[in-house]
Amino acid sequence: MVAELTALRDQIDEVDKTLLDLLARRLALVAEVGEVKSRYGLPIYVPEREASMLASRRDEAAALGVPPDLIEDVLRRIMRESYSSENDKGFKTLNPALRPVVIVGGHGQMGRLFAKMLTLSGYQVRVLDKEDWAAADTLLADAGMVIVSVPIHLTESVIARLPRLPDDCILVDLASVKNRPLQAMLAAHRGPVLGLHPMFGPDIGSLAKQVVVWCDGRQPEAYQWLLEQIQVWGARLHRTSAVEHDQNMAFIQALRHFTTFAYGLHLAEENAQLAQLLALSSPIYRLELAMVGRLFAQDPQLYADIIMSSESNLALIKRYHQRFGEAIALLEQGDKQAFISSFRRIAHWFGDYAPRFQAESRTLLRQANDSRP
């Protein structure tokens, strides 16, 4: 038996080595693709190409008796690595005449990310951080674009503190709230103004498939090239008004972060044993617990700023608290039929999204289980 297993395992090792050789060859080809895209200003992420390729590989896998989901999982992981490696090839400079870009708060994580992407795209980047304000007039005198990337609670005051910028300079902010910073920029600068919200953390390996929300400020023709440059980086752009942005972020960020904070607070006050929870957890609970823990590995000031950025956020959280209480009342009454009725009403509101989310979550749950020690 041992000899038979050893022989089979030796064959598996040989196949694995062949797979490694093929992966190395594929990554080398991807590097060549990256050079071509960089030369011609093509985006690193093309959704139509990716969807078509995955559909073809799934069909070919099925014909070979290989589970289509397996080949798709493998290829998606390979493509994620490929997008990261394409970054190293740089990007075409869409506005070569642009004067220096100054990133206010450029030593922060998001500021460093944008500095890196702009440098890879051929632009001259300067940093103006808190210790550099004595030289602000000099650093900003010939700026072609100024990007404000500072904590939310400082954004408006930093914008107001900026010296007069050249009239054609593009003023941009990266804050997670948009209406008040946008109004502050419009008041502080007479030239082009743009609000951006990168919907991702600064620790990403690539902007491919990431969403960047943009809000018009003033003179959109002056910053159209920047939006196109962001698309070349692989990101997807979504346009909205600053007011609509903040209304949606109340659900996407403020309410979600607060409920995560409250759940973490409850776990800590109950002194739940994390090691035992993990040992006994299903994949979905492990994933949920990981997302809760992720919050508390980050900067508390950021989340305090997001949650407490407006009175409307507080009002939404209070309404959530009220409905939480109403749900508890169903438990206190032992009214299972009322619970089931509410459950079905909510399922109806989700409509086709519910089965779609169920299908999408299967992949996440498999990955959570795969990473289990």
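Now for a description of the structure that goes with this document. (Residues numbered from 1 in each chain as written. Predicted model: local features only at pLDDT ≥ 70, side-chain atom pairs only at ≥ 80, totals over all residues. Heavy atoms only, no water.)

1. Here we look at the overall build of the protein chain
The secondary structure content of the protein chain amounts to 15 helices and 7 strands. The dimensions of the protein chain, computed from C-alpha atoms along their principal axes, are 80 × 65 × 35 Å. Sorting the 373 residues of the protein chain into buried and exposed places 35% on the buried side. Of all intrachain contacts in the protein chain linking residues separated by at least 6 positions in sequence, the fraction that spans at least 24 positions is 68%. Just so you have it, the protein chain exposes about 22,700 Å², and 58% of that area is on carbon and sulfur atoms. The centroid of the 41 positive side-chain charges in the protein chain is displaced by 2 Å from the centroid of its 45 negative side-chain charges. (Helix = DSSP H or I, 4+ residues; strand = E, 2+ residues; numbered from the N terminus. Buried < 20%, exposed > 50% of the residue type's maximum accessible area, 1.4 Å probe, protein only. Contact = heavy atoms within 4.5 Å. Areas by Shrake-Rupley, 256 points an atom, 1.4 Å probe, with all protein chains shown as cover. Lys, Arg positive; Asp, Glu negative; His and termini not counted. Charge placed at Lys NZ, Arg CZ, Asp CG, Glu CD.)

2. Focus on helix H1 (residues 2-40)
Residues separated by three or four positions in an α-helix point in the same direction, a consequence of the helix having 3.6 residues per turn. Given a rise of 1.5 Å per residue, 39 residues ought to cover 57 Å, and the 57 Å separating the end C-alpha atoms of H1 matches this to within 8%. Along H1, the residues that are buried comprise Val30, Gly34, Lys37 and Ser38. Of the residues flanking the end of H1, it is Gly41, one or two places downstream, whose phi is positive at about 70 degrees. (Expected span 1.5 Å × (residues − 1).)

3. Describing the pairing of strand S5 (residues 193-198)
Most of S5 sits out of view: 6 of its 6 residues are buried. In terms of strand pairing, strand S4 (residues 170-173) meets S5 through 3 bridges, oriented parallel. Bridge pairing in S5 links Leu171 to Val193. Note that S5 and strand S6 (residues 211-218) share 6 bridges and pair antiparallel. (Pairing = 2+ DSSP bridges.)

4. Some details on the side chain of Glu72
As for its position among the elements, Glu72 is in helix H3 (residues 68-87). Among the polar contacts made by the side chain of Glu72, one reaches the side chain of Arg58 at a distance of 2.6 Å. Setting aside chain neighbours within four positions, we find Glu72 in contact with Leu54 and Arg58. (Polar contact = N/O pair within 3.5 Å; in protein donor to acceptor, adjacent residues only side chain to side chain.)

5. Some details on helix H14 (residues 336-350)
Helix length check: H14, at 15 residues, gives a terminal C-alpha distance of 21 Å against a target of 21 Å (1.5 Å per residue), a fit within 8%. Positive backbone phi, at 60 degrees, marks Gly351, one or two positions downstream of H14.

6. Some words on the pairing of strand S3 (residues 145-148)
On a regular strand, each side chain points to the face opposite its neighbour's, so the side chains alternate between the two faces of the sheet. Side chains Met145 and Ile147 project from S3 onto one buried face, and the interleaved Val146 and Val148 project onto a second face that is buried too. Where strand S1 (residues 101-104) lies against S3, 4 bridges are found, and the strand directions are parallel. In the strand pairing of S3, Val102 is matched with Val146. Strand direction decides the pairing type here: S3 and S4, joined by 4 bridges, are parallel. Each residue of the ladder has a partner; that of Val148, found in S4, is Asp173. Note that the unit made of S3, helix H6 (residues 152-161) and S4 has a crossover that is right-handed. (Right-handed = clockwise from strand over helix to strand, strands pointing away.)

7. Notes on the packing of helix H9 (residues 242-270) against helix H13 (residues 311-333)
With their axes 10 Å apart at the nearest point, H9 and H13 run at an angle of 60 degrees to one another. Judged on the interaxial angle alone, H13 and H9 are oblique. The way H9 lies across H13 gives a crossing that is right-handed. Here H9 contributes Ala250, Phe251, Ala254, Leu255, Phe258 and Thr259 to the contact with H13, which in turn contributes Asn313, Leu316, Ile317 and Tyr320. (Axes fitted to C-alpha atoms, helices over the stretch in contact; angles between N-to-C directions. Parallel < 35°, antiparallel > 145°, perpendicular 65-115°, else oblique. Left-handed = near helix turned anticlockwise from the far one by under 90°.)

8. Here's the deal with the pattern of salt bridges
Using the criterion set out here, one finds 16 salt bridges in the structure. For Arg77, the salt bridge is made with Glu81, and the minimal N-O distance between the two is 3.6 Å. A residue pair is termed a helical-turn pair when its members lie 3 or 4 positions apart in one helix, as Arg77 and Glu81 do in helix H3 at 4 residues. By relative accessible area, Arg77 is classed as partly exposed at 40%. Three or more residues are tied together by salt bridges with common partners; here these are Glu50, Arg58, Asp69, Glu72, Arg76 and Lys209. (Salt bridge = Lys/Arg side-chain N within 4 Å of Asp/Glu carboxyl O.)

9. What to know about the nonpolar core
Counting residues in each nonpolar core, the largest one holds 39 residues, and the members touching the most others are Met145, Val172 and Leu196. Among all residues touching Leu196, those that are not within four sequence positions of it are Val172, Asp173, Leu174, Ala175, Lys178, Val212, Val213, Trp214, Leu226, Leu227 and Ile230. Listed in part, the 23 residues of the second largest apolar core include Ala136, Val158, Ile159 and Leu171. (Core = buried A, V, L, I, M, F, W, Y, C linked by side-chain atoms within 4.5 Å.)

10. Some thoughts on the packing of helix H11 (residues 283-295) against helix H15 (residues 353-370)
Direction vectors running N to C along H11 and H15 enclose 85 degrees, while the axes themselves pass 8 Å from each other. As judged from the angle between their axes, H11 and H15 are roughly perpendicular. Facing H11, whose interface residues are Pro283, Ile284, Arg286 and Leu287, H15 presents Leu364, Leu365, Ala368 and Asn369. Along the lines of polarity and charge, the residues of the contact of H11 with H15 split into 6 nonpolar, 1 polar and 1 charged. (Nonpolar A, V, L, I, M, F, W, Y, C, P; charged D, E, K, R; others polar.)

11. Looking at the sheet that holds S1
Taken together, the 7 strands give an open sheet; going across it, the order is S2-S1-S3-S4-S5-S6-S7, and neighbouring strands pair in mixed fashion. Looking at strand neighbours, the two that pair on one side only are strand S2 (125-128) and strand S7 (236-239), the edges of this open sheet. This sheet shows a mean twist of 25 degrees between the axes of neighbouring strands, independent of strand direction.

12. What about the environment of Thr119?
Its location among the elements puts Thr119 in helix H4 (residues 109-120). On a C-alpha basis, the gap between Thr119 and Ser309 in space is 32 Å, while along the polypeptide they are 190 residues apart.

13. Some remarks on the environment of Leu287
Tracing the backbone shows Leu287 in helix H11. Of the residues examined, Leu287 reaches a relative accessible area of 28% and is grouped as partly exposed. Remark: the alpha-carbon pair of Leu287 and Val213, spanning 74 residues in sequence, is separated by 27 Å. The contacts of Leu287, once residues within four sequence positions are left out, are Leu364, Leu365 and Ala368.

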